[in-house]
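As a plain string of letters, each chain reads:
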Amino acid sequence: SADPRALAATQRQAALLAAHRQAPVLAAFAAAGRPTVAEAVATLAGPAGAPVAVAAYLLAPGEFHDRLACCGAAWVSASLGDHPAVAALVLDRYFVAAAAAGSHNRGHDLHLTGR
């Protein structure tokens, strides 16, 4: 994304992943933004060519995920896809937006497992 908020969110996710894995993580981009995924992989691999993994922060397979396959990483994760946490996030954002617009249908409560 070229949206500065999306770029900042990606940076925050990279920092969270780095803290969780206790390993260096660089936010990189398949379309807009720098560094590109290939540049980040080369930086993390270093002169010795250490293996690097890419955690795809993409909702679905497709053109952008296909670009990751060519970035030089030893591993590339699948897209986020139909994970229940993604569905819950989409629903939460919908209900917040609907409530803000005054069109929230209070007659239909939705219950998700894992929430």
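Residues numbered from 1 in each chain as written. Predicted model: local features only at pLDDT ≥ 70, side-chain atom pairs only at ≥ 80, totals over all residues. Heavy atoms only, no water.

Draft legend 1. Summary view of the side chain of histidine 65. Mapping histidine 65 onto the fold places it in helix α3 (residues 63-68). Assessed through its relative accessible area of 17%, histidine 65 is described here as buried. Of the polar contacts made by the side chain of histidine 65, one reaches the backbone oxygen of serine 77; its length is 2.8 Å. (Helix = DSSP H or I, 4+ residues; strand = E, 2+ residues; numbered from the N terminus. Buried < 20%, exposed > 50% of the residue type's maximum accessible area, 1.4 Å probe, protein only. Polar contact = N/O pair within 3.5 Å; in protein donor to acceptor, adjacent residues only side chain to side chain.)

Draft legend 2. Layout of the nonpolar core. Among the nonpolar cores identified, the biggest contains nine residues, and these are Val37, Val41, Ala45, Val52, Val54, Ala56, Leu68, Cys71 and Ala73. Top contributing element to this core by residue count: helix α2 (residues 37-45), with three residues. Not counting chain neighbours up to four residues away, the residues in contact with alanine 56 comprise His65, Leu68, Ser77, Ala78 and Leu80. (Core = buried A, V, L, I, M, F, W, Y, C linked by side-chain atoms within 4.5 Å. Contact = heavy atoms within 4.5 Å.)

Draft legend 3. Inspection of the pattern of salt bridges at higher detail. Summed over all chains, the structure comprises three salt bridges. Residue aspartate 3 is joined to arginine 5 by a salt bridge in which the shortest nitrogen-to-oxygen separation is 3.0 Å. In this structure arginine 5 comes out as exposed when scored by relative accessible area, which is 65%. (Salt bridge = Lys/Arg side-chain N within 4 Å of Asp/Glu carboxyl O.)

Draft legend 4. Fine view of α2. For α2, the full list of buried residues reads Val37, Ala40, Val41 and Ala45. Looking straight down α2, one finds its buried side chains confined to an arc of 130°; they lie on one side. Residues of α2 that are buried make contact with β1 (53-54) and α3. Positive phi shows up at glycine 46, right after α2, with a value of about 70°. (Arc of directions from axis to C-beta.)

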